[in-house]
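# What the coordinates show
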Amino acid sequence: MTRPLTPREADALRYKAEGRTDYDISAALRITQSAVRSTTKRAIRKLGAKTLDEAIQIHNQPTENQQ
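Treat the numbers as computed from the prediction; the structure is a model and nothing was measured.

Attention now moves to unusual backbone geometry. Phi angles above zero are rare outside glycine, and R30 is one such case at about 60°. Checked against the element boundaries, R30 lands in the loop between α2 (22–29) and α3 (33–46). On the accessibility criterion, R30 (77% relative accessible area) is exposed.

Laid out in structure tokens, this is it:
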């Protein structure tokens, strides 16, 4: 079972899915590039994914409430 993402974790995944760099994401979220990497890794773990691409797919899947 996956744990819910924080708004920052969700934003980081969304920006990664758009192909943005850690530098671009750090500027958009006003955090360091290191924090972007940590936030992304935390989101991947929370979603039970093994890769960033898998995490993005899981995050973008509609939930039962969205159907």
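Attention shifts here to the packing of α2 against α3. Between α2 and α3, the shortest axis-to-axis distance is 8 Å and the interhelical angle comes to 95°. If you check the angle between α2 and α3, you find them roughly perpendicular. Here α2 contributes D22, Y23, I25 and S26 to the contact with α3, which in turn contributes Q33, V36 and R37. When the residues that make up the contact of α2 with α3 are grouped by side-chain class, the tally is three nonpolar, two polar and two charged.

This part covers the environment of N60. Examined against the element boundaries, N60 turns out to sit in helix α4 (residues 52–60). Sequence separation between N60 and A17 is 43 residues, and the spatial gap between their C-alpha atoms is 9.9 Å.

Considering the arrangement of structural elements, one finds T39 in helix α3. Those residues in contact with T39 that lie beyond four places of it in its chain are R8, E9, A12 and I31.

The subject of this paragraph is the packing of helix α1 (residues 7–17) against α4. Closest axis-to-axis distance for the α1/α4 pair is 10 Å, and the angle between their directions is 115°. One element, α1, and the other, α4, form an angle in the roughly perpendicular class. Note on packing geometry: the crossing formed by α1 with α4 is left-handed. Contacts between α1 and α4 involve A10, L13, K16 and A17 from the first element and L52, A55, I56 and H59 from the second.

Counting through the fold element by element, E9 comes out in helix α1. Engagement of the side chain of E9 in a polar contact is seen with the backbone nitrogen of T6, the distance being 2.8 Å. A distance of 2.8 Å separates the side chain of E9 from the side chain of R42, its partner in a polar contact. With residues up to four places along the chain from it excluded, the contact list for E9 reads P4, T39, R42, A43 and K46.

Calculation rules
- Residues numbered from 1 in each chain as written.
- Predicted model: local features only at pLDDT ≥ 70, side-chain atom pairs only at ≥ 80, totals over all residues.
- Heavy atoms only, no water.
- Helix = DSSP H or I, 4+ residues; strand = E, 2+ residues; numbered from the N terminus.
- Buried < 20%, exposed > 50% of the residue type's maximum accessible area, 1.4 Å probe, protein only.
- Axes fitted to C-alpha atoms, helices over the stretch in contact; angles between N-to-C directions.
- Parallel < 35°, antiparallel > 145°, perpendicular 65-115°, else oblique.
- Contact = heavy atoms within 4.5 Å.
- Nonpolar A, V, L, I, M, F, W, Y, C, P; charged D, E, K, R; others polar.
- Left-handed = near helix turned anticlockwise from the far one by under 90°.
- Polar contact = N/O pair within 3.5 Å; in protein donor to acceptor, adjacent residues only side chain to side chain.

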